[in-house]
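Now for the letters of each chain:
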Amino acid sequence: MYSIKEAKGILGLSYNTVYRLIKKGTINATKIGGSIRISQATLRKIEDSSGGNGK
């Protein structure tokens, strides 16, 4: 599970963009404790569909 900060580096997007995509439902995420986490499988799926650059 990755934090938004870790996911933004992997996807090449800004923190705000990743957060906005989570709120919009484009990126599936889970709230654990007080933090939002994104699964490795979700990040792989996004990378595969975007050619690996997050765009």
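Before going into details, it helps to say that this report is about the structure given with it. (Residues numbered from 1 in each chain as written. Predicted model: local features only at pLDDT ≥ 70, side-chain atom pairs only at ≥ 80, totals over all residues. Heavy atoms only, no water.)

1. Focus: helix H1 (residues 4-11)
One turn of the α-helix equals 3.6 residues, which is why residues spaced by three or four share an orientation. What counts is decided by this rule: The classification of residues rests on relative accessible area computed with a 1.4 Å probe and restricted to protein chains. Under 20% of the type maximum is buried, over 50% is exposed, and intermediate values are partly exposed. Numbering of helices and strands starts at the N terminus; helices are DSSP runs of H or I of at least 4 residues and strands are runs of E of at least 2. The arc in question is formed by the directions pointing from the helix axis toward the C-beta atoms. Whether two residues are in contact is decided by their heavy atoms, any of which lying within 4.5 Å being enough.
Among all positions in H1, only Ile4, Ala7 and Leu11 are buried. For H1, the angular spread of the buried residues around the axis is 60°, confining them to a single face. Exposed residues lying more than 90 degrees from the buried face of H1 are Lys5 and Gly9. Structurally, H1 contributes buried residues whose contacts are with helix H2 (15-24), strand S2 (35-37) and helix H3 (40-50).

2. Concerning the nonpolar core
Test applied: Definition of nonpolar core: a set of buried residues of the types Ala, Val, Leu, Ile, Met, Phe, Trp, Tyr and Cys, connected through side-chain atoms within 4.5 Å.
Formed by Ile4, Ala7, Leu11, Leu13, Val18, Ile22, Ile27, Ile36, Ile38, Leu43 and Ile46, the largest nonpolar core amounts to 11 residues. The set of elements that each furnish at least two residues to this core consists of H1, H2 and H3. No other element matches H1, which puts 3 residues into this core. Setting aside anything within four residues of it in sequence, one finds alanine 7 in contact with Tyr2, Ile38 and Leu43.

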